[in-house]
Protein chains: 4
Amino acid sequence: MVKKEIIEQAALKLIVERGLYDAPISLIAKEAQVPVGSVYTYYESKEILVNEIYRNAKRDMSQHVFASVPPDLPIKEEMAIYWVRAVRYGVSNPNAFYFMEQLTNSPHISPLSQEQVRGEFVRVFQVLEKGIETGEIKPLNVDLLHQLVYTNIIGIVKYLLASKMELDPTLEVHLFNCCWDTIKC
Amino acid sequence: MVKKEIIEQAALKLIVERGLYDAPISLIAKEAQVPVGSVYTYYESKEILVNEIYRNAKRDMSQHVFASVPPDLPIKEEMAIYWVRAVRYGVSNPNAFYFMEQLTNSPHISPLSQEQVRGEFVRVFQVLEKGIETGEIKPLNVDLLHQLVYTNIIGIVKYLLASKMELDPTLEVHLFNCCWDTIKC
Amino acid sequence: MVKKEIIEQAALKLIVERGLYDAPISLIAKEAQVPVGSVYTYYESKEILVNEIYRNAKRDMSQHVFASVPPDLPIKEEMAIYWVRAVRYGVSNPNAFYFMEQLTNSPHISPLSQEQVRGEFVRVFQVLEKGIETGEIKPLNVDLLHQLVYTNIIGIVKYLLASKMELDPTLEVHLFNCCWDTIKC
Amino acid sequence: MVKKEIIEQAALKLIVERGLYDAPISLIAKEAQVPVGSVYTYYESKEILVNEIYRNAKRDMSQHVFASVPPDLPIKEEMAIYWVRAVRYGVSNPNAFYFMEQLTNSPHISPLSQEQVRGEFVRVFQVLEKGIETGEIKPLNVDLLHQLVYTNIIGIVKYLLASKMELDPTLEVHLFNCCWDTIKC
DNA sequence: CATGAATGAGGGTTCATTCAT
DNA sequence: AATGAATGAACCCTCATTCAT
C-alpha cells in the first residue's frame, strides 16, 4: 500500500472513531506512521484530505455495487444485485460506511464533491426510471425513490453492524424484499 | 422565551448550519445575544449543552409523535398516525431534525443520553410487537423493524426538505404506504 | 462565631490546602456556607480579604506570644517564654501558621500590611538589643538575629507538624537550646 | 543560550516577581520573546514547566553545594563548606533562590519532583549522621537537624538579600558559627 | 521531495466582581 | 444589608499549517 493510501486509511479510521475534530493531523500522521509534513505533501489541507477520502470511499463503493451484471436482467433482479452488493459492502467496510454516513450532508464536504459523487450512482436512477415505465415501481419522484432505497440500506447495515448478526443468503432475500416492497407497485 | 431556550435555539441552529466544532461557544453566545459567561451559568460545559439540546429535541419530538390517539385503533392506523406526526415534525422543525440526525451515534452524545432517549420511543416497539403477533407485520427482530421505519422517515423528511415539496394529505397517504409496505406481512 | 470570622476561617483553610488561586471566592463562600455576595459585604476584594486574614493571623499570634510575662526576667528566660509560645502557637494553629508562611514576602501582601505586622513584634527586637548590651547575645544586626530566631521557629514547627511528633516540655527545652545556641555569645 | 533555557529564565523571573498565577504563559512567552505556542513545544503544560524549573534549580544548587571537597575533612569543616556554598548560591542567584522558597511545599510541585529533589541532598544527611556518631552534633532526628540548618540558610540569605549587605569571609565565618552552634553538641 | 519544530489564532472555560432584586 | 445570577476579560492549551533544513 502506498503512503497516500496509508494516510487515508489512518484518517478514515480515526475520524470514524473519534470524530473529525478529535482526529488532528498530528494524530493521523502518527497512526499512519508518517511525518506530519508528509500529509501536506499529498493533501493541501485537512479539508481536501477529507473530501478526497469521501470521494474515494463513494467511488470504491459504487465500483463494487455497479460492477458488471448480466445483461437484460429483470428490474427487480438487477435492483437485488445492487442492493445486496451495497449491504455487503457496508458490512465488510464498516469504517468507510460510517465515514460516508457521518459526512454526507455535512458542511465539510464541498458541493463539488457531492456533485461528483452523485454521478457514480446514476445507474440506480436509470433502473428506477425504467421500473416506473414498466409499472413495476411506484411512480414517485426518482430522487425520493432513491432516498428510500438508500436510507433502507443504511438502516439495515447499521442494524447488522450493531447486532453483529451474520448476513446469510436467506436473510438477504428477506431484507431485500422489505426494500423492494417499499418501492414496488 | 427564556434565556436558556434562546441559547439552545442559537446553538441548535449554528451547530446544524456549521457543524459542532465550527459553532464555538463565543458564536453561539453572540447569536443568542447573551454574554459568553451566561452560557456557563446554564450549562457546565459545551458537551452538556449539546446533550441537553439532543435530549430535549428527542423528547419534544416523541411528545408530538406519541400524543394521545383514539383507543383500540387497528395497528396500521396507529402506525400511520405516528408516522405522519413524525414526518410533519421533521418537516416543521428542520433544525431540530438535522441536529438529531447529525448527532445520533456520534461520540458527543453520552450513553446515558442515548439510554434516556430510547425510553421515549417504547410505544413503537410495543405496536410493532403487537403487529407481529396479529400477523400484520413481518416477523423480524423489532429493533430491525424499528430501524426500517425510522430510516424510512428520515429519508422522506430529507427529501421533502431538500425538494421543498409541500406535504399534502394525499402525498402523506402514498408515502406512509411505502413505509407500511416495507414492514407489512 | 460571627459571619466575618466564619468567612476568614474558610478562606484560611482553603487557601492553605489549595493555594491562593485555587481557592476562588465562590468556593470560600460555599465552605463558609454564606452567599458569594456576603463576602463582598465584608471585604471590598479578595486581595483585601487575604490581607486582613494575614494581619489578623499575625496579630493573633503576637498576642499569644507576647502576653504578659513576669517582670525583670533574665533575657534567656524571657526569650524562652516567647519561643515556646510561638512554637506552641504554630503547632496548635497549623492552618494559620502555613498561611503566614505561604504569604510572607508574597506580592499579595501589601507593604502596608507588612509594616503594620512588623510593629506587633517589636518586643523581640527590644529583648535582642538588651541581650547584646548585656553581652549574652552575639553582637550582630538585630534584624539578622530576629531572622535567625524566626527561621529556627519555622523549621521546628514544620518538622513537628510533618512528623506529627508530640511537643513535651523536655523536648521544648532541648529545642529552645538549639535556638538559644544560635544567637548566644 | 538555547530557547528552552530562555523560557525557563523568563518564567523563573516572572513567577518570582509576580507570583505563579500572575505570570501567565502569554507573559512568559513575551518576556522570553518567543511565541506562546513555542512554550508548549518544550513543555506539555504550565505545571510541567514549573516542576522542571524547580527540579533544575534544585539540581543546579546541589551541584554547586556538593561539588568535590577535600577528602577526610573534619565534620565541622565539611559542613562549613557546604553552608558557605549554599549561602553564596542563594545570594548570587536570588531569583532561583526565591523560586525554590516560594514553591517548596506548594501543591504545584508534584510529589515525584519532591522525591527526586530530596535525593540530591543526601550528602547533608550523611554528614549529620556521622556528626551524631562522633558526638559533635546533637543527637536529634536528622530530618530535624537538616530542617534547622536549611531554615538557617534561608533566613540568612533572605536577610542578606534584603539588606543588600556584602558577604565577606569574616561575616561568613560568624554566620556559619551561628548555624553550627545550633546543632553542635 | 521529506521533515517536524515552530507558530499564533482561536477554542473552552474560570472567576473576581457587580447589581437588580 | 443581603443575595446569587450575570458578566466578560483573561486564562491555559490545541492544532492546522508553514518553512528552514
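Peer 1: Quick one: what's the story with the nonpolar core, residue by residue and with numbers?
Peer 2: Met-79, Trp-83, Phe-99 and Ile-183 of chain C together with Met-79, Trp-83 and Phe-99 of chain D are the most contacted members of the largest nonpolar core, which has 135 residues in total. When sequence neighbours within four positions are dropped, the list of residues in contact with Met-79 of chain D reads Val-127, Leu-128, Val-149, Phe-176, Trp-180 and Ile-183 of chain D. If you look at the next biggest cluster of nonpolar residues, it comprises 134 residues, including Ala-32, Ala-57 and Met-79 of chain A together with Tyr-89 of chain B.

Peer 1: Now, about the domain arrangement of chain A: what can you tell me, with residues and values included?
Peer 2: Residue and element names in this part refer to chain A. Domain annotation of chain A identifies domain 1 (1–43) and domain 2 (47–183). For domain 1 and domain 2, the distance between their C-alpha centres works out to 27 Å. Contacts between domain 1 and domain 2 engage 14 residues on the former and eleven residues on the latter. Here domain 1 meets domain 2 over a buried area of about 1200 Å², counting both sides, of which 73% is carbon and sulfur. For the pair domain 1 and domain 2, the number of links is one salt bridge. Notably, a salt bridge pairs Glu-52 with Lys-4, separated by 2.9 Å at the nearest N-O pair. Between the two partners, domain 1 and domain 2, sit three residue pairs in polar contact (both at pLDDT 80 or more). Element by element, the count of residues in the side of domain 1 that touches domain 2 is highest for helix H1 (residues 3–18), at eight residues. Here the side of domain 1 that touches domain 2 is built from residues that sort into ten nonpolar, one polar and three charged.

Peer 1: Describe helix H2 (residues 25–32) of chain B, naming the residues involved and giving the relevant values.
Peer 2: Residues and elements named next belong to chain B. All buried positions along H2 are accounted for by Ile-25, Ile-28, Ala-29 and Ala-32. In a view along the axis of H2, the buried residues occupy a sector of 100°, so they form one face of it. Looking one or two places after H2, you find Gln-33, whose phi comes out positive at around 55°.

Peer 1: Provide a residue-level description of the relation of the copies chain C and chain D, including the pertinent values.
Peer 2: Here chain C sits on chain D after a turn of 179° about the axis and a move of 0.1 Å along it, with an RMSD of 0.2 Å. The superposition of one copy onto the other is thereby described by a two-fold rotation axis. When the interface residues of chain C are mapped onto chain D, 100% of them are again interface residues, pointing to one common binding face.

Peer 1: So what's going on with the packing of aromatic side chains? Residues and values would help.
Peer 2: Describing an aromatic ring pair means giving the distance of the ring centres and the angle of the ring planes. Residues and elements named next belong to chain D. Considering all chains together, one arrives at 22 aromatic pairs over all chains under this definition. For the pair Trp-83 and Phe-176, a centre-to-centre distance of 5.7 Å together with 65° between the ring planes defines the contact as edge-to-face. Pair noted here: Trp-83 is in helix H5 (residues 75–92) and Phe-176 is in helix H10 (residues 169–183), with a separation of 93 residues, a long-range link. With respect to burial, Trp-83 and Phe-176 carry one shared label: buried.

Peer 1: Run through unusual backbone geometry, naming residues and quoting values.
Peer 2: Residue and element names in this part refer to chain D. A positive phi angle is found at Asp-72, which is not glycine, with a value near 55°. Along the chain, Asp-72 turns up in the loop between helix H4 (46–65) and H5. Not every positive phi belongs to a glycine, and Asn-105 is a case in point at roughly 70°. Relative to the assigned elements, Asn-105 resides in the loop between helix H6 (94–103) and helix H7 (111–119). Here Asn-105 falls in the exposed class, since its relative accessible area comes to 55%.

Peer 1: Describe the relation of the copies chain A and chain B, listing the residues and the values that go with them.
Peer 2: The operation relating the pair of chain copies consists of a rotation about an axis and a translation along that axis. Turning chain A through 179° and shifting it by 0.1 Å along the axis lays it on chain B, with an RMSD of 0.2 Å. By residue overlap, the copies meet face to face through one surface: 100% of the interface positions of chain A are interface positions in chain B.

Peer 1: Give me the lowdown on the protein's contact with DNA strand E, citing residues and values where you can.
Peer 2: Taken together, 23 residues surround DNA strand E, and among them Ser-38 of chain A, Tyr-40 of chain B, Ile-25 of chain C together with Ser-38 and Tyr-42 of chain D come closest. For DNA strand E, the backbone makes up 68% of the atoms found within 4 Å of the protein, where backbone means sugar plus phosphate. At a separation of 2.9 Å, a base nitrogen of DNA strand E approaches a polar backbone atom of Gly-37 of chain A. Interatomic distance of 2.9 Å between a backbone N/O atom of Ile-25 of chain B and a phosphate oxygen of DNA strand E. Among the secondary structure elements, those contributing two or more residues to the surface near DNA strand E are helix H3 (36–42) of chain A, helix H3 (36–42) of chain B, helix H3 (36–42) of chain C together with helix H3 (36–42) of chain D. Here the surface near DNA strand E takes four residues from H3 of chain D, the largest share from any one element. Of the residues assigned to the surface near DNA strand E, the class counts are eleven nonpolar, eight polar and four charged.

Peer 1: Describe the interface of chain C and chain D, naming the residues involved and giving the relevant values.
Peer 2: Each partner contributes residues to the interface: chain C has 25 residues there, and chain D has 26 residues. For the chain C and chain D pair, buried surface summed over both sides reaches about 2300 Å², with 67% attributable to carbon and sulfur atoms. Counting the surface chain C buries against chain D, the share from its top three residues, Tyr-21, Leu-144 and Tyr-159 of chain C, is 23%. Two residues, Lys-138 of chain D and Asp-181 of chain C, come together in a salt bridge whose shortest N-O distance is 2.9 Å. Here chain C and chain D share nine residue pairs in polar contact (both at pLDDT 80 or more) between them. Elements with a contribution of two residues or more to the side of chain C that touches chain D: helix H9 (142–163) and helix H10 (169–183) of chain C. Here the residues of the side of chain C that touches chain D are counted per class, giving nine nonpolar, ten polar and six charged.

Peer 1: Go over the packing of helix H4 (residues 46–65) of chain A against helix H5 (residues 75–92) of chain A, please, and point to the residues and values.
Peer 2: Residues and elements named next belong to chain A. The contact between H4 and H5 brings their axes to 8 Å, and the two run at 135°. Of the possible angle classes, the one that applies to H4 and H5 is oblique. Here H4 runs over H5; the crossing is right-handed. Contacts from Ala-57, Asp-60, Met-61, His-64 and Val-65 of H4 reach H5 at Tyr-82, Arg-85, Ala-86 and Tyr-89. Its residues placed into classes, the contact of H4 with H5 shows six nonpolar, one polar and two charged.

Peer 1: Account for the interface of chain A and chain B, naming residues and giving values.
Peer 2: The interface is formed by 26 residues belonging to chain A together with 26 residues belonging to chain B. Carbon and sulfur atoms make up 66% of the surface buried where chain A meets chain B, a total of about 2300 Å² over both sides. Counting every contact that joins chain A to chain B gives two salt bridges. Counting across the chain A and chain B interface gives nine residue pairs in polar contact (both at pLDDT 80 or more). At the level of secondary structure, the elements contributing two or more residues to the side of chain A that touches chain B comprise H1, helix H9 (142–163) and helix H10 (169–183) of chain A. Ranked by the residues each element gives to the side of chain A that touches chain B, the list is headed by H9 of chain A, at ten residues.

Peer 1: Can you explain the pattern of salt bridges? Please cite residues and give values.
Peer 2: In this structure the tally under the stated criterion is 40 salt bridges over all chains. The salt bridge involving Lys-13 of chain B is made with Glu-17 of chain B; its shortest N-O contact spans 3.8 Å. Of the two residues, Lys-13 of chain B and Glu-17 of chain B are both situated in helix H1 (residues 3–18); the distance of four residues between them amounts to about one turn of the helix. Since its relative accessible area comes to 29%, Lys-13 of chain B is described here as partly exposed. Here the residues in one salt-bridge network are Lys-13, Glu-17 and Glu-31 of chain A, joined through shared partners.

Cut-offs used in this document
Residues numbered from 1 in each chain as written. Chains lettered and ligands numbered in written order. Predicted model: local features only at pLDDT ≥ 70, side-chain atom pairs only at ≥ 80, totals over all residues. Heavy atoms only, no water. Core = buried A, V, L, I, M, F, W, Y, C linked by side-chain atoms within 4.5 Å. Buried < 20%, exposed > 50% of the residue type's maximum accessible area, 1.4 Å probe, protein only. Contact = heavy atoms within 4.5 Å. Domains from an automatic or database assignment. Buried area = accessible area lost by both parts, 1.4 Å probe. Salt bridge = Lys/Arg side-chain N within 4 Å of Asp/Glu carboxyl O. Polar contact = N/O pair within 3.5 Å; in protein donor to acceptor, adjacent residues only side chain to side chain. Helix = DSSP H or I, 4+ residues; strand = E, 2+ residues; numbered from the N terminus. Nonpolar A, V, L, I, M, F, W, Y, C, P; charged D, E, K, R; others polar. Arc of directions from axis to C-beta. Least-squares fit on C-alpha atoms with pLDDT ≥ 70 in both. Phe/Tyr/Trp six-rings, centres within 6.5 Å; stacked < 30°, edge-to-face > 60°. Near = heavy atom within 4 Å. Axes fitted to C-alpha atoms, helices over the stretch in contact; angles between N-to-C directions. Parallel < 35°, antiparallel > 145°, perpendicular 65-115°, else oblique. Left-handed = near helix turned anticlockwise from the far one by under 90°.

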